[in-house]
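Structural description and commentary
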Amino acid sequence: MAAAAAVVTLSGLEDGVSRSRGEGAGEVVVERGPGAAYHMFVVMEDLVEKLKLLRYEEELLRKNNLKPPSRHYFALPTNPGEQFYMFCTLAAWLINKAGRPFEQPQEYDDPNATISNILSELRSFGRTADFPPSKLKSGCGEHVCYVLDCLAEEALKYIGFTWKRPTYPVEELEEETIPEDDAELMLNKVDEEFVEEETDNEENFIDLNVLKAQTYHLDMNESAKQEDILESTTDAAEWSLEVERVLPQLKVTIRTDNKDWRIHVDQMHQHRSGIESALKDTKGFLDKLHNEIGRTLEKIGSREKYINNQLEHLVQEYRAAQAQLSEARERYQQGNGGVTERTRLLSEVTEELEKVKQEMEEKGSSMTDGAPLVKIKQSLTKLKQETVQMDIRIGVVEHTLLQSKLKEKSNMTRDMHATVIPESAMGAY
């Protein structure tokens, strides 16, 4: 049995594994072997065997209408929500089996609180849990298998289960009894069985020419022996003594072969007779049962008719009440529709009234208050300031234009004077 193996913990996973100090913030980097990734499958198989020893199918699965997990259920990720719920349910049941009171977790409980409670119970058993609790949220993996395996071991210890050596049954050799009736066989049957054994055990091909020569020599020897037997010299007393001495050795036991068609025919006849005898009794019981069921059905039919006759006026009153109720519901729906329409109209009128009130309040406040006059004065002062700024900008622009015109005029006069050629220079040419 796989559960008979030694107890495996997460600390045992690190045996034979080299560790080295990482370059980060002092973390330990574990270099694991290639087979460490498959170790959780072995732990999961051991866990299934231990759960079967704890009778979890009868005490847990059937009571909660749960499906039995497969042999690699918590080793492979399939459905995280379902696996986490199954893990919490199994862990709570194992803690209760180990003698500690633990409430069964529900689907809407806080997963962090549930995991912390399970780990605290695990540490109370003296087990180590040097891994973050977030490793258990997925509901699968080596840490989940480790926690459940430790809890299963503690439950087995609490109930006093111990592994024992297997006891093998001692097989007694039956003495062969030789029946006297079927002891002797016909010589032709013995010869046929002997020939069949030789043909079954023969592996090489037979040469036809050699076979013909052998048969020819045998025929010659038999003819010579038959001629010698015609003149026998054997004493009858010695022959009878020899027959009595050899007779026990000539007895052959026949072992029944289950493949023989005669045995199958006998078994078929026996089963047929058994079925016929059982059918007689069963048919009588079935006939009685059929008659009882028929009488019961007749009684039920008569009771139904009596009850219907007795309660007919109540049924009519119930139908009348149903009709009145349907009419009242229709009137209620119609009235409810009218109320909703009037409510909508009232809300619209209320909104218009609020708008009118707000406009009236604004007009009244504007008529009694000098706020518009103040606003007009502020607007006039702002317009004056803007006018002054525009005048200043216009003056600056005009001055700039004047400067540019004067500069352009001076440049034109300079160019004109520069283009005039003196007469002395023209005469030299």
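Residues numbered from 1 in each chain as written. Predicted model: local features only at pLDDT ≥ 70, side-chain atom pairs only at ≥ 80, totals over all residues. Heavy atoms only, no water.

**Considerations on the overall build of the protein**
In terms of regular secondary structure, the protein is built from 13 helices and 2 strands. The proportion of buried residues among the 429 residues of the protein is 16%. A fraction of 64% describes how many contacts in the protein between residues 6 or more apart in sequence connect residues 24 or more apart. (Helix = DSSP H or I, 4+ residues; strand = E, 2+ residues; numbered from the N terminus. Buried < 20%, exposed > 50% of the residue type's maximum accessible area, 1.4 Å probe, protein only. Contact = heavy atoms within 4.5 Å.)

**A few points about the packing of helix α4 (residues 80-97) against helix α5 (residues 111-124)**
Geometrically, a packed helix pair is captured by the angle between its two axes and the distance between the axes. Interaxial distance between α4 and α5 falls to 11 Å at its minimum, and their mutual angle equals 35 degrees. Of the two possible hands of crossing, α4 and α5 adopt the one that is left-handed. In contact with F84, F87, C88, A91 and I95 of α4, α5 contributes P111, T114, I115, I118 and E121. The residue makeup of the contact of α4 with α5, split by class, is 8 nonpolar, 1 polar and 1 charged. (Axes fitted to C-alpha atoms, helices over the stretch in contact; angles between N-to-C directions. Left-handed = near helix turned anticlockwise from the far one by under 90°. Nonpolar A, V, L, I, M, F, W, Y, C, P; charged D, E, K, R; others polar.)

**Some thoughts on the packing of helix α3 (residues 56-64) against α4**
Packing of α3 against α4 leaves a shortest axis separation of 12 Å and a crossing angle of 135 degrees. Classed by the angle they form, the pair α3 and α4 counts as oblique. Our pair here, α3 against α4, has a crossing hand that is right-handed. The segment α3 lies against α4, with Y56, E59, L60, L61 and N64 engaging M86, T89, L90, W93 and K97. Partitioned by chemical class, the residues of the contact of α3 with α4 number 6 nonpolar, 2 polar and 2 charged. (Parallel < 35°, antiparallel > 145°, perpendicular 65-115°, else oblique.)

**What to know about the nonpolar core**
Core analysis: the biggest nonpolar cluster contains 41 residues, and F74, F87, L94, L136, V147, L148 and L151 have the highest contact counts within it. Mapped onto this core, the elements with two or more residues apiece are α2 (39-53), α3, α4, α5 and α6 (142-158). Not counting the four nearest positions on each side in its chain, V147 is found in contact with F87, I118, L122, F131 and L136. (Core = buried A, V, L, I, M, F, W, Y, C linked by side-chain atoms within 4.5 Å.)

**Details of α2**
Under the 1.5 Å per step criterion, the end-to-end length of α2 is 22 Å for 15 residues, consistent within 8% with the ideal 21 Å. Listed as buried for α2 are M40, F41, V43, M44, D46, L47, V48, K50 and L51. Packing partners of the buried residues in α2 comprise α3, α4 and α6. Count one or two residues on from α2 and you reach R55, which has phi positive near 60 degrees. (Expected span 1.5 Å × (residues − 1).)

**Overview of the pattern of salt bridges**
In total, this model carries 11 salt bridges according to the counting rule given. Of the charged contacts, one joins R344 and E348 as a salt bridge, the two residues approaching to 2.8 Å between their closest N and O atoms. Highlighted residues: R344 and E348, both in helix α11 (residues 312-368), separated by 4 residues, approximately one helical turn. The network of salt bridges with common partners includes K50, R127, D149, E153 and E154. (Salt bridge = Lys/Arg side-chain N within 4 Å of Asp/Glu carboxyl O.)

**Thoughts on the environment of P132**
Relative to the elements of secondary structure, P132 occurs in the loop between α5 and α6. Put simply, P132 and H143 are 11 residues apart on the chain and 9.7 Å apart in space, counted from C-alpha to C-alpha.

**Observations concerning unusual backbone geometry**
With a phi close to 60 degrees, R55 is a non-glycine residue in the positive phi region. Tracing the backbone shows R55 in the loop between α2 and α3. Given a relative accessible area of 48%, R55 falls into the partly exposed group. Although it is not a glycine, N65 sits at a positive phi angle of roughly 55 degrees. Take N65: it is sitting in the loop between α3 and α4.

**Quick word on the packing of aromatic side chains**
Describing an aromatic ring pair means giving the distance of the ring centres and the angle of the ring planes. All chains considered together, the criterion is met by 4 aromatic pairs. Judged by centre distance (6.5 Å) and plane angle (45 degrees), the ring pair of F84 and F87 falls under tilted. Taken together, the positions of F84 and F87, both in helix α4 and 3 residues apart, correspond to about one turn of that helix. Both residues of the pair, F84 and F87, belong to the buried class. A cation sits over an aromatic face here: R100 above F125, 4.6 Å from the ring centre. (Phe/Tyr/Trp six-rings, centres within 6.5 Å; stacked < 30°, edge-to-face > 60°. Lys NZ or Arg CZ within 6 Å of the ring centre and 35° of its normal.)

**Thoughts on the side chain of E154**
Among the secondary structure elements, E154 is positioned in helix α6. Here the side chain of E154 touches R127 through a polar contact of 3.2 Å, side chain to side chain. (Polar contact = N/O pair within 3.5 Å; in protein donor to acceptor, adjacent residues only side chain to side chain.)

**Examining a nonpolar patch on the surface**
Side chains of L286, L289, I293, L297 and I300 sit close together on the surface and give an oily, nonpolar patch of about 470 Å² of accessible area. As for its position among the elements, I300 is in helix α10 (residues 261-310). Here I300 falls in the partly exposed class, since its relative accessible area comes to 41%. (Patch = residues over 30% accessible without salt bridge, like charges linked within 9 Å, V, L, I, M, F, W, Y side chains within 5 Å. Areas by Shrake-Rupley, 256 points an atom, 1.4 Å probe, with all protein chains shown as cover.)

**Regarding a negative patch on the surface**
The grouping of E354, E359, E361 and E362 at the surface amounts to a negative patch. Mapped onto the elements, E361 comes out in helix α11. Judged by its relative accessible area of 58%, E361 is exposed. (Lys, Arg positive; Asp, Glu negative; His and termini not counted. Charge placed at Lys NZ, Arg CZ, Asp CG, Glu CD.)

**With respect to the confidence of the model for the protein**
Overall, the prediction assigns the protein a mean pLDDT of 76, with 73% of residues at 70 or greater. A low-confidence stretch, residues 175-188 (pLDDT under 50), is modelled with 10 contacts involving residues beyond four sequence positions or located in other chains. Every residue in residues 197-207 is under pLDDT 50, and counting partners more than four places away or in other chains gives 1 contact. (pLDDT = per-residue confidence, 0-100.)

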